[in-house]
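Observations on the three-dimensional arrangement
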Amino acid sequence: MQESAKQLSDSNIEIRREAVEKMARSKDPACIPLLLTAMKDISWRVRKTAVEVLLQDYAVEEYIDGLIRLLHIEDNAGARNSAIEALIKLGKKASVYLIEAFRTPNKDARKFIIDVLGEQVDNRALGLMLEAIRDEDENVRATAVEHLGKVGELSVVDALIDILDHGDLWTAYPAADALGRIGNRKAVPHLLEALKRKPLREPVLKALGRLADPSTVKNIISLIEDSSKNIQEQALKTIEKLYHNGVDAEFI
């Protein structure tokens, strides 16, 4: 361990990487702090090797707290990214630990936790996601809304509709996109109402294209004459999307 610790401080990248490789298959818990230290290395090769060794050869409960602590580091993006990569690869094994770790005053760590849980699509995290859309930090809220688009439960649709109706632009924008991805037509009247808000027209049009409700055609066609060229083009793309999603061409 002393030799490995010394090698991890060497100026030669390859020596540091080889020191990490030597810890593979050892299963000695004393290696874990060294591997977590290696995940702070300036070299992505050293960090990547440390992640691989940690996930392959050590028990989750032995290092999960260390990974979560890395999310709180403010001056080392490489360490945070390596921890996020490892947590995503752990999949649902990490969910319970991440849900508990969300109770932190560190807003960046909360956002990273929501990002990881969103990639795992674990229903055990659904309650936390619904709580996070009311977080005091706008980045946490927006991230939670974005990831809720991957979940199709009715409770999620209701929550997203509420955000679309009453939320700020920062959260209403991803809420419109999420509702389109979920595909529940319960959202249609709320999306049509949101078309009145100019900053929301683009994501709302995309969502309406995915939902392909014939009753929305008139509202979409009217935006071909919008003052914004981008909205005009998006309205045309949405009409094309409606056609490809089964709305009758003659009706359009």
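See the structure shown above.
What you are looking at is a predicted structure, and each value in this text was computed from that prediction instead of being measured.

Some thoughts on the overall build of the chain
Helix and strand counts for the chain stand at 16 helices and zero strands. Taken over C-alpha atoms, the radius of gyration comes to 23 Å for the chain, far larger than the 18 Å a tight globule of 252 residues would show. In terms of overall dimensions, the chain has a C-alpha envelope of 75 × 30 × 30 Å along the principal axes. Of the contacts formed within the chain by residues at least 6 apart in sequence, a portion of 63% connects residues at least 24 apart. On the chain, roughly 12,900 Å² of surface is accessible, and the fraction owed to carbon and sulfur atoms is 49%. Across the chain, the mean location of the 36 positive side-chain charges is 2 Å away from that of the 41 negative side-chain charges.

Structural notes on helix α14 (residues 201-211)
Counting buried positions along α14 yields eight of 11 residues, so the element is predominantly enclosed. For α14, the set of buried residues is Arg201, Pro203, Val204, Leu205, Ala207, Leu208, Gly209 and Leu211. Buried residues belonging to α14 abut α12 (169-182), α13 (188-194), α15 (217-222) and α16 (229-244). After α14 finishes, the residue alanine 212 shows a positive phi value of roughly 50°.

With respect to the packing of α12 against α14
Their axes nearest at 8 Å, the elements α12 and α14 cross at an angle of 10°. Here α12 is positioned roughly parallel relative to α14, judged by the angle of their axes. Along the contact surface, α12 presents Tyr173, Ala176, Asp177, Leu179, Gly180 and Arg181, while α14 presents Glu202, Pro203, Val204, Ala207, Arg210 and Leu211. Looking at the contact of α12 with α14, its residues break down into seven nonpolar, one polar and four charged.

Regarding the side chain of aspartate 213
When you line up the elements, aspartate 213 lands in the loop between α14 and α15. Look at aspartate 213: it is buried, it has no salt bridge, and the nearest opposite charge is arginine 185 at 4.5 Å. Looking at aspartate 213, its side chain comes within polar contact range of the side chain of serine 215, at 2.8 Å. If near-sequence neighbours (up to four positions away) are discounted, aspartate 213 is found in contact with Arg185, Val188, Leu208 and Leu242.

A word on the nonpolar core
Counting residues in each nonpolar core, the largest one holds 85 residues, and the members touching the most others are Met39, Leu54, Tyr58, Leu67, Leu87, Leu160 and Leu191. Examining the composition of this core, we find that seven residues originate from one element, helix α11 (residues 154-166), more than from any other.

Here we look at empty space enclosed by the protein
A full pass over the atoms with the stated rule returns one cavity of 30 Å³ or more. The calculated volume of the largest cavity comes to roughly 90 Å³. Lining the largest cavity we find Leu117, Gly118, Val121, Asp122, Asn123, Ala125, Leu126, Met129, His147, Lys150 and Val151. Secondary structure elements with two or more residues in the lining of the largest cavity: α8 (107-120) and α9 (126-132). Classifying every residue of the lining of the largest cavity gives six nonpolar, three polar and two charged.

Thoughts on the side chain of arginine 17
Considering the arrangement of structural elements, one finds arginine 17 in helix α2 (residues 13-21). Residue classification places arginine 17 among the buried residues on the basis of a relative accessible area of 15%. There is a polar contact of 2.4 Å between the side chain of arginine 17 and the side chain of glutamate 14. Engagement of the side chain of arginine 17 in a polar contact is seen with the side chain of glutamate 21, the distance being 2.6 Å. If near-sequence neighbours (up to four positions away) are discounted, arginine 17 is found in contact with Arg45, Val46 and Thr49.

Here we look at the environment of isoleucine 42
Here isoleucine 42 is to be found in the loop between α3 (32-38) and α4 (44-57). For isoleucine 42, a relative accessible area of 80% corresponds to the exposed category. Remark: the alpha-carbon pair of isoleucine 42 and glycine 78, spanning 36 residues in sequence, is separated by 7.2 Å. If we ignore the near neighbours within four places in the chain, the residues touching isoleucine 42 are Arg16 and Arg47.

Considerations on α16
Helix length check: α16, at 16 residues, gives a terminal C-alpha distance of 23 Å against a target of 22 Å (1.5 Å per residue), a fit within 8%. Where α16 begins, the capping side chain belongs to serine 228, and its oxygen is found 3.3 Å from the backbone nitrogen of asparagine 230.

Criteria and thresholds
- One numbering rule holds for all chains: residues counted from 1, following each sequence as written.
- Per-residue local features are limited, in this predicted model, to residues with pLDDT of at least 70; the limit for side-chain atom pairs, both in listing and counting, is 80 or more; totals at the level of whole chains, interfaces and linings are taken over all residues.
- Hydrogens and waters are ignored; side-chain quantities use all the structure's heavy atoms.
- What counts as a helix is a DSSP run of H or I of at least four residues, what counts as a strand is a run of E of at least two, and both are numbered from the N terminus.
- Every radius of gyration here is taken over C-alpha atoms, with the globule rule written as 2.2 Å times N^0.38, N being the number of residues.
- Any two residues whose heavy atoms approach within 4.5 Å are treated as being in contact.
- Each accessible area value is a Shrake-Rupley result obtained with a 1.4 Å probe; residue values ignore everything except the protein chains displayed when judging cover.
- Charge assignment in this entry is limited to Lys and Arg as positive and Asp and Glu as negative, and neither His nor the chain termini are counted.
- The location of each charge is read from NZ of Lys, CZ of Arg, CG of Asp or CD of Glu.
- A simple rule labels every residue: compare its accessible area, found with a 1.4 Å probe on the protein chains alone, to the largest value its type can have, and call it buried under 20%, exposed over 50%, or partly exposed in between.
- Geometry is summarised by axes, namely lines fitted to C-alpha atoms with helices restricted to the contacting stretch, and by angles between N-to-C directions that run from 0 to 180 degrees.
- Should an angle fall under 35 degrees it is called roughly parallel, over 145 degrees roughly antiparallel, and 65 to 115 degrees roughly perpendicular, with every other angle called oblique.
- Residues were grouped as follows: Ala, Val, Leu, Ile, Met, Phe, Trp, Tyr, Cys and Pro as nonpolar; Asp, Glu, Lys and Arg as charged; and all remaining residues, including Gly, as polar.
- In what follows, salt bridge is the name for a side-chain nitrogen of Lys or Arg lying within 4 Å of a carboxyl oxygen of Asp or Glu.
- Pairs of N or O atoms are called polar contacts if they sit within 3.5 Å, as long as, within protein, a hydrogen donor faces a hydrogen acceptor (for residues adjacent in sequence, only side-chain-to-side-chain pairs).
- Only buried Ala, Val, Leu, Ile, Met, Phe, Trp, Tyr and Cys residues count toward a nonpolar core, and they belong to the same one when joined by side-chain atoms within 4.5 Å.
- In this analysis the probe radius is 1.4 Å and the grid spacing 1 Å, with only protein atoms considered; a cavity is a set of points the probe fits into but cannot get out of, a pocket is an open set with protein on both sides within 12 Å along at least five of seven lines, and lining residues have an atom within 4 Å of a point.
- Grid points are joined across faces, edges and corners, and a volume is the space filled by probe spheres set on the points.
- In this analysis, the expected span of each helix is defined as 1.5 Å times one less than the number of residues it contains.

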